[in-house]
Amino acid sequence: MTYDLQKANMWKRISAYIFDMILLGILAVGIAVVLSFVLGYDSYYEMMDDAKVRYETEYGVELDITESEYNALSEDEKAAYDKANNAFSYDSDAVYAYNMIINLTLIILTFGILLSYIGLEIVVPALFGNGQTLGKKIFGIAVMKIEGVRINTVSLFIRTVLGKYTIETMIPVLIILMIFFGSIGVIGVIILGLILLLQIIMLIATQNNSAIHDVLANTVAVDFASQKIFDSEKDMIEYKKRLHAEDVSRAEYK
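Below is a summary of the structure that appears in this document. This is a predicted model, so every value here is computed, not measured.

If you check helix H8 (residues 186-205), its first and last C-alpha atoms are 28 Å apart, about what 20 residues at 1.5 Å a residue would give, namely 28 Å. When we look at burial in H8, the residues that qualify are Gly 188, Ile 195, Gln 199 and Met 202. Buried residues of H8 fall within an arc of 70° about the axis and therefore sit on the same side. Away from its buried face by more than 90 degrees, H8 exposes Val 186, Ile 187, Val 189, Leu 194, Ile 204 and Ala 205. Those residues of H8 that are buried lie in contact with helix H7 (153-180) and helix H9 (212-217).

Further remarks concern the nonpolar core. Tyr 44, Met 48, Ala 51, Val 61, Leu 63, Phe 88 and Leu 104 are the most contacted members of the largest nonpolar core, which has 16 residues in total. Every element with two or more residues in this core is listed here: helix H2 (41-59), helix H4 (75-89) and helix H5 (92-128). For this core, the element with the most residues is H5, which contributes six residues. Excluding residues within four positions of it along the chain, Leu 63 makes contact with Lys 52, Glu 56, Tyr 81, Ala 84, Asn 85 and Phe 88.

Glancing now at the pairing of strand E2 (residues 219-223). When you tally the buried positions in E2, you get four out of five residues, the bulk of the element. Here strand E1 (residues 141-145) runs beside E2; their pairing, made up of five bridges, is antiparallel. Bridge assignment links Lys 145 to a residue of E2, and that residue is Thr 219.

Attention now moves to the packing of helix H1 (residues 10-39) against H5. Contact geometry of H1 with H5 gives a least axis separation of 8 Å together with a crossing angle of 135°. The orientation of H1 relative to H5 falls into the category oblique. With respect to the hand of their crossing, H1 and H5 are arranged in right-handed fashion. Here Asp 20, Met 21, Leu 23, Leu 24, Leu 27, Ala 28, Ile 31, Ala 32, Leu 35, Ser 36 and Leu 39 of H1 lie close against H5, whose contacting residues are Leu 104, Ile 107, Ile 108, Phe 111, Gly 112, Ile 113, Leu 115, Ser 116, Tyr 117, Leu 120 and Glu 121. When the residues that make up the contact of H1 with H5 are grouped by side-chain class, the tally is 17 nonpolar, three polar and two charged.

Once that is clear, we can look at the packing of H2 against H4. At a closest axis distance of 9 Å, the pairing of H2 and H4 adopts a crossing angle of 150°. By the angle between their directions, the pair H2 and H4 is classed as roughly antiparallel. Handedness of the H2/H4 crossing: right-handed. Between H2 and H4, the residues in contact are Met 48, Ala 51, Lys 52, Tyr 55 and Tyr 59 and Ala 80, Lys 83, Ala 84, Ala 87 and Phe 88, respectively.

Moving on, we get to unusual backbone geometry. Positioned with a positive phi, Asn 209 is a non-glycine residue whose angle comes to about 50°. Its place among the elements puts Asn 209 in the loop between H8 and H9.

On to H4. Between its first and last C-alpha, H4 extends 21 Å over 15 residues, near the 21 Å set by a 1.5 Å rise per residue. Within the sequence span of H4, burial applies to Lys 78, Ala 80, Tyr 81, Ala 84 and Phe 88. End-on, the buried residues of H4 take up no more than an arc of 165°, which puts them together on one face. Turned more than 90 degrees from where H4 packs its buried face, Glu 75, Asp 76 and Lys 83 sit exposed.

Glancing now at a negative patch on the surface. Residues Asp 42, Glu 46, Asp 49 and Asp 50 make up a contiguous surface patch of negative charge. Note on placement: Asp 49 falls in helix H2. The partly exposed category is assigned to Asp 49, whose relative accessible area is 33%.

Criteria and thresholds
- Residues numbered from 1 in each chain as written.
- Predicted model: local features only at pLDDT ≥ 70, side-chain atom pairs only at ≥ 80, totals over all residues.
- Heavy atoms only, no water.
- Helix = DSSP H or I, 4+ residues; strand = E, 2+ residues; numbered from the N terminus.
- Expected span 1.5 Å × (residues − 1).
- Buried < 20%, exposed > 50% of the residue type's maximum accessible area, 1.4 Å probe, protein only.
- Arc of directions from axis to C-beta.
- Contact = heavy atoms within 4.5 Å.
- Core = buried A, V, L, I, M, F, W, Y, C linked by side-chain atoms within 4.5 Å.
- Pairing = 2+ DSSP bridges.
- Axes fitted to C-alpha atoms, helices over the stretch in contact; angles between N-to-C directions.
- Parallel < 35°, antiparallel > 145°, perpendicular 65-115°, else oblique.
- Left-handed = near helix turned anticlockwise from the far one by under 90°.
- Nonpolar A, V, L, I, M, F, W, Y, C, P; charged D, E, K, R; others polar.
- Patch = residues over 30% accessible without salt bridge, like charges linked within 9 Å, V, L, I, M, F, W, Y side chains within 5 Å.
- Areas by Shrake-Rupley, 256 points an atom, 1.4 Å probe, with all protein chains shown as cover.
- Salt bridge = Lys/Arg side-chain N within 4 Å of Asp/Glu carboxyl O.
- Lys, Arg positive; Asp, Glu negative; His and termini not counted.
- Charge placed at Lys NZ, Arg CZ, Asp CG, Glu CD.

From the geometry alone we can't say anything about function, so treat these as descriptive.
Here it is, written out as structure tokens:
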């Protein structure tokens, strides 16, 4: 064991990250299924779908078409489509169901991902110690404060909730949803690209190849087998004092 910083191998970090993201995705989907059942998501979707089918049947059109498909319609077909779309848009039950679907989608995604992160990135590392997730445990990686001290609950919370969950996950997810629902266009794609570019730059340019979440929490991923991690700052100071005393003692005998 040495005191020098023993950074974790990048390929091991990537492998651990992929493994953890697979687990997180599985857990998030499971939580989302439970939440959608509890919150009655399917009932609102069926309400909106029933209204859509009713107006499609009444006006003899299909509402779910692209802009290019709409432009290819004849004038009579466009007129029928516009009437069906207006009728659907002014249907209070359909509008209510649509709004509930959007709201519940945000709620389910938000809490599904958040609870998954809390479970896999806070609870599990707290049980294993040394900031280790299941992936990091398998690939022999630990997480510590940059000064060499064991990561505490506050740093773990900042690293997970502010860094991984908020900046690295939810902001991109919300932008993707906004693009999907048509409320944001090319600007959303640019923002996603900038976040990805920032992450890559930080991984390459920072001294410890730190991701956004590590910079925020002042932490670093290290090789668990070779890195000495202190329980507290006091222990680290005492260790440095012993090293200094040993160096002085050896110098006296030279």
